Amino acid sequence: MTLRRAVAGVLALFRKRRLDQELEGEVLAHLELAERDAIAQGLSPEKARRAARLRFGAIEQIKEEHRDRRSFRWIENLLRDSRYGLASLVRDPGFAVVAIGVLALGIGANVAMFSLVDGALLKPLPFREPDRIVRVWHAPRPGSSNATSTLDFLDWKRLATLFEALSAEDGFSAALTGNDEPVRVSGKAVTADYFRVFATGARLGRTFTPEEDQPGAAPVVVLSYRAWRTYFGGDPGILRRRPILDGQAHQVIGVLPPGAFDRDEAEFWKPLVFTPEQRTRNYHWLTVYGRLHAGATLDQAREQMRAIRAALADVTSIYKREWTIDVERLARLLVGDNLRRSITIAFGAVALVLLIACANVANLLLAKGAARSKEMAIRTALGAGRGRLLGQLLTESLVLCLLGGAAGVAVASLLIRGAARFLSQSLPYTADVGLDLRTLAFAAAVALGVALLVGALPSFRNLPLALHRSVRGSSGAHIKVRRAIVIGEVAVSLVLVSGALLLFMSLFNLQQVETGIRTENVITMSVDLPLNAYPTPQRAALFYESAAERLAAAPGVAQAAITTHLPLQSIGSGEGLWVAGIDEAVNVRFKRVDPGYFATLGIPVLAGRGVTDRDRNGAPRVVVINQALAARLADVTGIRNPVGQRARLGCPYYVEKGVLVADVGIVGVIRGERIDAPGRPDPPVAYVPLAQVPHPKVRLIVRTQADPVSVVPAIREAIRQIDPNLPLGDVATMQEVRGRMLSGTSRPAWLIGAFAAVAVLLAALGLYGVLSHAVTQQRREIGIRMALGARSSDVLSHILRNALAMIMVGLVLGMLGVFALTRVMKSLLFQVSPLDPFALAVACVSMTLIGLLAGFIPASRAARVDPVTTLRDEG
Amino acid sequence: MSKDYSEVPYGTLDLLILKTLDTMGKLHGYAIARRIEQVSGDTLQLSQGSVHPALIRLEQEGWIRTDWGISETNRKVKFYSLTKAGRRQLRVAVANWEQATALVARFLEASS
């Protein structure tokens, strides 16, 4: 079509009425002229009129063709059919509510899930040229990662030329005082280049200058937008304020723009100034991020870091000789494999729910279509083409799906809002999840796709193949298609139900895993000692001692303990342990505990003793080891009974970053407590008395006599009596801590469980619909049978057998689906086979029962059929 | 199909209309249809009405122009005439047609 005609066609849309009138006039004139000529040829006026019409051809058809030729007929039709579709929805509100509701659920869940996938996996990171942002780290073994020491970082920065900026960060938390209550806030100490790496400027004020991370610089701080709003009420004069962090006033120099940094845990950024003590090569504490120069590739950066490692070989300690340096894009590191897999599976599951929702709506449309086949036949008889009817039916389903899509967006927005807290915990801070243009475009695409899927099938079915058949009314073909749809729904639901059951079994197994501790009636919280008030390890040790005493004496408290790491919490810090007789260090996780720890958590001492009150600062240094470490020592040295052995152990300093390798005596072996997430073997752990190696960040663990939450005020009071300026953070019962550790498994389980429940409900609805329609259709047949002596129970069982047949075929197909997904599920399951017979059996049986229940309602209606009335009504 | 009548070959109605207007000048729809029938010696099975959809298309292409006039029965009707572009189009269409028929003719000779 030429441009000229296209323009003319669009114009014709607006001149429709006038053009129609003109055409009418032309046709009349044409007929008159023809008639006149025919009369001139000697025909009677009657015959002349007939002849004229005959020669002209089918008038209406030619008018139609005229309209087709002059304009975009489909637009006209679309508008008309949409109006008609809306009107027919209004006429049948029951159908409209059910169909739109089902679609809204299906589309809404998918849109919400998409916004999550989009935020976490698809969208580029919310920084300028995010592909250039990388993380650089020590890899002791391929695939593992280790923090970086100060001198290593400074060498990298000096030698690496491919980075526009390279920065180091260390997390901190501090008491923010000077407002009302002291609050604990999180922050990051970063080198001055940090914001250049992320290419983020300040919204107010500025970020750090290169001098500000040098020794002697005045203390300054940059706030996140959220922190500015939360703690300072969005004070526009914030740049003149000097909030007090851990007792020291910090000049606010800038506020970051809202966005990504608001979702980060950190709220305050201060310059990382290396003290002389921190300038070592053996204390690994820094996380390093860099921004590559434009044009520099990842491979080039890796190559250069390899060269730098080789250049630094001479100054590298023996135990680090094997370490390599790895570089990876930040985007790849933020979403771990597990999260990626969970998201993908959940997205797959929710897509299946949508499929079932589609099937249900298609089913409803088919049932409606069966009732409309006469209308269609009449339209055909009146001259509507097949394409035109198909167009009408598709437009009607489009109207339905667009309404469903709009409702779905509302559902999605509710879902996203409801899940906001869980999302912010599970997703990296860079993930911006919400309804934006991309999500809306996705919603529109889904609605259109669903319209095609839902509309196409019933449309083809509803088009009368042979006119006479439809006018007489026959719906045998409909029933077959609808049965096929229900079978498909049962199959897909079975896949979801089995998946959910397997995940719940996996969760159950995880919860049964021996944690090695007593978790009932235990509450935990964290305390950070500000360095201005507790500058020395001795001061800190005094605090622990009095805190343990006061806590134990507090009302409602049974036992209390202090440690640096909660049970079930992975321990990041590792140290070397040297035992006499071997050269190589054994890598151990380093955990500090006070005398109450093992008793409070019910961890049994297997050999020797635990940590006691006598192991104070200044007393001979001791260490208690777990079974895993004892086994490791037995492996390496052949020593069967480690108690009484001497060893050398790296002990971190209190404040300065560095390690003192001290002589220690191994005094006891405890039975292991679980450290990492289940499914992995316990790492070797060295438990060191907190009093001998104090640390400013600790966790309080309190066993209570009754409900642990009720004792929290008493615990706060006990701590306040020692130091009124200490904020308590992270209050959580041990059960909650455990729940958090399992959340990687419990969340997918609940999510897919919810999807499965919706799927089953929809499948049952579909089954009910088909059977109930069939019963209505067969009333007459049932009536005759009953008149001939069939009993109600015969009718009932006939219908239920019918239902059962559909369910069985669906289950077989569903099983095939379950088999096909074995490999995908395997990675998510803990000690459950993806083909666990129990789970599959339960899924099949429950699907069958639910299906029969759905069938029972129409079946019992059929059994109550009164032969006399039925036969009289329809005979 | 009857031996004596043939349907308008596909796509040639446009050509017939253009040629008619070229030869006869300004005509209304009925006259165009009649003229085509007469020239074909009434061997063409043409629904007279089908010229109207063809005319609207030709008009939209800009090949013919419409003027309002009065018919022999005293009715206001459209009179159609060729535009410059229409004349050009006619030459192209005639050339195409001759090329196509020549090809078919050659083909039929070669095969017989």
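These numbers were taken from a predicted model, which means no experiment stands behind them.

Draft legend 1. Molecular detail of the overall build of chain B. In terms of helices and strands, chain B carries 4 helices and 5 strands. Listed by position from the N terminus, the elements making up chain B come as β-α-β-α-β-α-β-β-α. Considering chain B as a whole, with its 112 residues, one finds that 43% of them fall into the buried category. Sequence separation of at least 24 residues holds for 50% of the intrachain contacts in chain B that already meet a minimum separation of 6.

Draft legend 2. Structural view of the overall build of chain A. Across its full length, chain A holds 28 helices and 23 strands. Put simply, chain A has 875 residues, and 51% of those count as buried. Of all intrachain contacts in chain A linking residues separated by at least 6 positions in sequence, the fraction that spans at least 24 positions is 81%. Carbon together with sulfur atoms contributes 58% to the accessible area of chain A, which is approximately 40300 Å² in total.

Draft legend 3. Quick look at the packing of aromatic side chains. Within this structure, the stated rule accounts for 21 aromatic pairs over all chains. Between Phe195(A) and Trp269(A) the ring centres are 6.0 Å apart and the planes differ by 65°, which places this aromatic pair in the edge-to-face class. With Phe195(A) in helix α8 (residues 194-197) and Trp269(A) in strand β10 (residues 268-271), the pair connects residues that are 74 residues apart, well separated along the chain. The pair Phe195(A) / Trp269(A) is uniform in exposure class, with both members buried. Aromatic rings pair up to connect Phe127(A), Tyr194(A), Phe195(A), Phe198(A), Phe208(A), Phe261(A), Trp269(A) and Tyr289(A) into one cluster. When the ring centre of Trp68(B) is taken as reference, the NZ or CZ atom of Lys76(B) above it lies at 4.6 Å.

Draft legend 4. Broad picture of the interface of chain B and chain A. Across the boundary between the two partners, chain B contributes 28 residues, which contact 26 residues of chain A. Per-residue buried area on chain B facing chain A is highest for Tyr30(B), His52(B) and Gln60(B); these three make up 27% of the total on that side. Ionic pairing is found between Arg55(A) and Glu37(B), a salt bridge with its closest N-O pair at 2.7 Å. In this structure, the connection of chain B to chain A is made through 11 residue pairs in polar contact (both at pLDDT 80 or more). Of all the secondary structure elements, the ones that give two or more residues to the side of chain B that touches chain A are α2 (29-39), α3 (51-61) and β5 (76-82) of chain B.

Draft legend 5. How the structure looks around the nonpolar core. All names here are of chain A. Ranked by internal contacts, the top residues of the largest apolar core, which has 88 residues, are Val361, Leu400, Leu427, Val450, Ile799 and Met847. Considering each element in turn, this core owes the most residues, 15 residues, to helix α6 (residues 93-122). When near neighbours in sequence (up to four residues on either side) are disregarded, Val450 contacts Leu103, Leu354, Cys358, Cys401 and Gly455.

Draft legend 6. Local environment of the confidence of the model for chain A. For chain A, the average pLDDT comes to 83, and 94% of its residues sit at 70 or higher. Confidence drops under pLDDT 50 across residues 465-474 of chain A; counting only partners more than four residues distant or on other chains, this segment forms 12 contacts.

Rules used in this analysis
Residues numbered from 1 in each chain as written. Chains lettered and ligands numbered in written order. Predicted model: local features only at pLDDT ≥ 70, side-chain atom pairs only at ≥ 80, totals over all residues. Heavy atoms only, no water. Helix = DSSP H or I, 4+ residues; strand = E, 2+ residues; numbered from the N terminus. Buried < 20%, exposed > 50% of the residue type's maximum accessible area, 1.4 Å probe, protein only. Contact = heavy atoms within 4.5 Å. Areas by Shrake-Rupley, 256 points an atom, 1.4 Å probe, with all protein chains shown as cover. Phe/Tyr/Trp six-rings, centres within 6.5 Å; stacked < 30°, edge-to-face > 60°. Lys NZ or Arg CZ within 6 Å of the ring centre and 35° of its normal. Buried area = accessible area lost by both parts, 1.4 Å probe. Salt bridge = Lys/Arg side-chain N within 4 Å of Asp/Glu carboxyl O. Polar contact = N/O pair within 3.5 Å; in protein donor to acceptor, adjacent residues only side chain to side chain. Core = buried A, V, L, I, M, F, W, Y, C linked by side-chain atoms within 4.5 Å. pLDDT = per-residue confidence, 0-100.

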